[in-house]
Amino acid sequence: MFLRHFGTLGLLLASCAVPAPLAEPLLGLRAEVRAAPWLAAVGSTEADTQGPPLALELTAWAHRDVPPGTALHDGAPLVFGSQRTPFPGFAPGLRHARWAAGATVDAWLQDAALAGARQPLGNATGVVGPHTLTWFATERALPPLGATTRAAGLQLWFGEPDGELLLLPTTLAPDTAGLLTIAPAQPGAPWYSLVLRATAAAEPPKVPPPARLLHLADPAATAPGTPADLAAAWHLARTAIGSGNRRPALLAMAQRLGQADLADLVLAADDQALRRIAAGLPDLGTLPTGSNLAWQFVRSAWQALLPLLWRGELAPGLRASLYRHLGAATLDPGALAELLADSSDPADLRHRLREWHRSQLGDRRASQRVRAHDWLVSVGADLPGYDPLAEAAERTAALRAAEARR
């Protein structure tokens, strides 16, 4: 009898033993700033698009206790596909994610009773600003987290920069703690969490310059080529089957015709857009003698995308490419159609695009003025002294001064 009770006592003592400390491998947290022009397409009201630069510090933890928070899918206002349109109510890869912010996170962090069941895995700090996404990523365990500034604080995206993105349900105010967690996929495995806290930053983040700036090409840079020279490549671009064949065929045509903007467009296009661009190429046999093949290629490609613009069906990567090359005209398919109809070659289209953007600087909508001004700056055609967010009288004076200098 004594031995039986002694054995039971041993089992109870064993079950109450303190678990071994966590010994998870450290995580290599890193921050990367990316341009994100697609934010304007999925963004919120005009008042929410601006925000001061913030320094966001992230600390990664492994822990055994269940953290505060609710499932992201219960309150996420937007599930976004940067490469495709996802089912709007659910992103399967993010089903284990939870989110909490404010006093509950501070209380969880300060709970001394749980200190022995937690392990810090690394930290990183990155500067966050408007119109860009600062991505924090690890090599495992936690999907990347992207942040951009809004008037109320940080807007946070969770997922993959080039895949499915989920907008977190609340904006994180400066000096407020946030907690993003991933539940264990297997019994007994630890939770992984990111603790977020933002403070004021002196300067906005700097986006690394692209290796090569691509804009509407000048015909002077167009490679020589006649219908006879390009017949085989043109036919292949029109008839190739599958994106794996269609994309390189169209890319080869863009490169041979010296159209860097179209090369960028083809690289960013999804399969639906590639099919439309290829199908829109005219038959060389139907073109008049002496046709400008570069212009035929450019015009047909932009025209092929007009239906996608009207319906708002552009993939985010492709939309970003159009913002880079067409600016505010990306949001005005009617204006783009008129510009294409009135232009005679790539140089003429570029000139008309500049003039159209200059006309938009007088628009009553601040968002339109900002987009037009940003595009003009990107092509080196901005107006000295013009501020799209200045008072109306100041803007008018700057525009009149610029007109007088022409």
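Residues numbered from 1 in each chain as written. Predicted model: local features only at pLDDT ≥ 70, side-chain atom pairs only at ≥ 80, totals over all residues. Heavy atoms only, no water.

Trainee: Explain the overall build of the protein chain residue by residue, including any values.
Mentor: If you tally the helices and strands in the protein chain, you get 13 helices and 12 strands. Considering only residue pairs separated by 6 or more positions, the protein chain has 71% of its internal contacts joining residues 24 or more positions apart. A total of about 19,700 Å² of accessible surface is found on the protein chain, and carbon and sulfur atoms cover 57% of it. (Helix = DSSP H or I, 4+ residues; strand = E, 2+ residues; numbered from the N terminus. Contact = heavy atoms within 4.5 Å. Areas by Shrake-Rupley, 256 points an atom, 1.4 Å probe, with all protein chains shown as cover.)

Trainee: How would you sum up the pairing of strand β9 (residues 153-159)? Please name residues and give values.
Mentor: The element β9 is extensively covered by neighbouring structure, given that 7 of its 7 residues are classed as buried. Two elements, strand β8 (residues 145-150) and β9, share 6 bridges in a ladder whose sense is antiparallel. Bridging across to β9, Ala147 finds its partner in Leu156. The antiparallel hairpin formed by β8 and β9 contains 2 residues in its connecting segment. (Buried < 20%, exposed > 50% of the residue type's maximum accessible area, 1.4 Å probe, protein only. Pairing = 2+ DSSP bridges.)

Trainee: How would you sum up the environment of Gly327? Please name residues and give values.
Mentor: Structurally, the position occupied by Gly327 is in the loop between α9 (316-326) and α10 (333-342). Take Gly327: its relative accessible area is 5%, and that puts it in the buried class. Distance from Gly327 to Leu353, taken between C-alpha atoms, is 8.7 Å for residues 26 residues apart in sequence. In contact with Gly327, other than residues within four places in its own chain, are Leu322, His357 and Trp375.

Trainee: Please provide a residue-by-residue account of the nonpolar core, values included.
Mentor: If you look at soluble globular proteins, the nonpolar side chains tend to sit buried side by side. Counting residues in hydrophobic clusters, the biggest one holds 57 residues, and the most contacted among them are Leu250, Leu265, Phe297, Trp302, Leu305 and Leu322. Of all the elements, helix α8 (residues 293-311) adds the most residues to this core, at 12 residues. Contact partners of Leu265, with chain neighbours within four places excluded, come to Ile277, Ala301, Trp302, Leu305, Leu318, Ser321 and Leu322. Formed by 30 residues, the second largest nonpolar core is a distinct cluster that contains Ala62, Leu72, Leu142 and Ala147. (Core = buried A, V, L, I, M, F, W, Y, C linked by side-chain atoms within 4.5 Å.)

Trainee: Provide a residue-level description of the sheet that holds strand β6 (residues 118-128), including the pertinent values.
Mentor: If you trace the 6 strands from one edge of the open sheet to the other, you get β3-β5-β11-β12-β2-β6, paired in antiparallel fashion. On the outer flanks of this sheet lie β3 (70-71) and β6, each paired with one strand and no other. Relative to strand β11 (residues 178-182), strand β5 (residues 97-101) is paired through 5 bridges, and the arrangement is antiparallel. Along β11, the bridge assignment pairs Ala100 with Leu179.

Trainee: Talk me through α9; I want residue IDs and the actual numbers.
Mentor: With respect to burial, α9 is a largely interior element, 9 of its 11 residues being buried. When we look at burial in α9, the residues that qualify are Pro316, Leu318, Arg319, Ala320, Ser321, Leu322, Tyr323, His325 and Leu326. Just downstream of α9 lies Gly327, where phi reads positive at about 60°.

Trainee: Break down the pattern of salt bridges for me, citing the residues and quoting the values.
Mentor: Under the counting rule described, the total for this entry stands at 10 salt bridges. Between Arg324 and Asp264 there is a salt bridge, with its nearest N and O atoms 2.5 Å apart. Placement of the pair is Arg324 in helix α9 and Asp264 in helix α6 (residues 260-268), with a sequence separation of 60 residues. The exposure class assigned to Asp264 is buried, which follows from its relative accessible area of 10%. The partner of Arg365 in a salt bridge is Asp363, and the shortest N-O contact between them spans 2.9 Å. Owing to a relative accessible area of 40%, Arg365 belongs among the partly exposed residues under this scheme. Judged by its relative accessible area of 17%, Asp363 falls in the buried class. When salt bridges with common partners are traced through the structure, they connect Arg246, Asp271 and Arg275 into a single cluster. (Salt bridge = Lys/Arg side-chain N within 4 Å of Asp/Glu carboxyl O.)

Trainee: Kindly report on the packing of α6 against α9, identifying the contributing residues and their values.
Mentor: Contact pair α6 / α9: the axes reach a minimum separation of 8 Å and the direction vectors enclose 165°. In terms of orientation, α6 lies roughly antiparallel with respect to α9. α9 is crossed by α6, and the crossing has right-handed handedness. Across from Asp261, Asp264, Leu265 and Ala268 in α6, the residues of α9 making contact are Gly317, Leu318, Ser321, Leu322, Arg324 and His325. (Axes fitted to C-alpha atoms, helices over the stretch in contact; angles between N-to-C directions. Parallel < 35°, antiparallel > 145°, perpendicular 65-115°, else oblique. Left-handed = near helix turned anticlockwise from the far one by under 90°.)

Trainee: Kindly report on the packing of aromatic side chains, identifying the contributing residues and their values.
Mentor: A full pass over the atoms with the stated rule returns 1 aromatic pair. The interplanar angle of 65° and the centroid separation of 6.3 Å between the aromatic rings of Trp234 and Phe297 together place this pair among those described as edge-to-face. Highlighted residues: Trp234 in helix α4 (residues 227-239) and Phe297 in helix α8, separated in sequence by 63 residues. Residue classification places Phe297 among the buried positions, given a relative accessible area of 0%. (Phe/Tyr/Trp six-rings, centres within 6.5 Å; stacked < 30°, edge-to-face > 60°.)

Trainee: Any chance you could break down unusual backbone geometry for me, citing the residues and the numbers?
Mentor: One non-glycine residue, His131, lies in the positive phi region at around 70°. If you trace the backbone, His131 turns up in the loop between β6 and β7 (132-137). Phi angles above zero are rare outside glycine, and Asp175 is one such case at about 65°. With respect to the element layout, Asp175 can be found in the loop between β10 (164-167) and β11.

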